Amino acid sequence: MKKVRIREGLSQEQLIAQLNLLGLDLDRTSLSRIENYNREVYDYELVYLSKALNINITDLYDEFNL
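Source: prediction; values computed, not measured.

*Asks:* Please set out the pattern of salt bridges residue by residue, giving values where relevant.
*Replies:* Applying the stated criterion across every chain, the model contains three salt bridges. Residue R5 is joined to E35 by a salt bridge in which the shortest nitrogen-to-oxygen separation is 2.6 Å. Residue R5 is found in helix α1 (residues 2-7), and its partner E35 is found in helix α3 (residues 28-35); the two are separated by 30 residues along the sequence. E35 shares its class with R5; the two are buried. Ionic pairing is found between E13 and R28, a salt bridge with its closest N-O pair at 2.8 Å. Of this pair, E13 sits in helix α2 (residues 12-22) while R28 sits in helix α3, and the two are 15 residues apart along the sequence. For E13, a relative accessible area of 45% translates into the label partly exposed.

Structure (structure tokens):
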């Protein structure tokens, strides 16, 4: 997911701001832990992340190597 965020030209703060506008309350620590594979990602979070990053949700699954 970090690769996608960087490819989209977003900082963690910018992605968090977009997620907040969409209705997901996620802090920078949680996002960092997700990007470093130290925290599970819930199904509803994947929906928000795919919308914020403008990608298909299945692309996020590829990114997480599931």
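Read on for the rest.
*Asks:* I'd like a description of the side chain of R39, backed by residues and values.
*Replies:* As for its position among the elements, R39 is in the loop between α3 and α4 (43-53). There is a polar contact of 2.8 Å between the side chain of R39 and the side chain of E45. Residues in contact with R39, not counting those within four places in the same chain, are L26, S30, R33, I34 and E45.

*Asks:* How would you summarise the confidence of the model for the protein if you had to cite specific residues and measurements?
*Replies:* Overall, the prediction assigns the protein a mean pLDDT of 90, with 92% of residues at 70 or greater. Mean pLDDT across the elements of the protein bottoms out in helix α5 (residues 57-63) (76) and peaks in α2 (97).

Conventions we followed
Residues numbered from 1 in each chain as written. Predicted model: local features only at pLDDT ≥ 70, side-chain atom pairs only at ≥ 80, totals over all residues. Heavy atoms only, no water. Salt bridge = Lys/Arg side-chain N within 4 Å of Asp/Glu carboxyl O. Helix = DSSP H or I, 4+ residues; strand = E, 2+ residues; numbered from the N terminus. Buried < 20%, exposed > 50% of the residue type's maximum accessible area, 1.4 Å probe, protein only. Polar contact = N/O pair within 3.5 Å; in protein donor to acceptor, adjacent residues only side chain to side chain. Contact = heavy atoms within 4.5 Å. pLDDT = per-residue confidence, 0-100.

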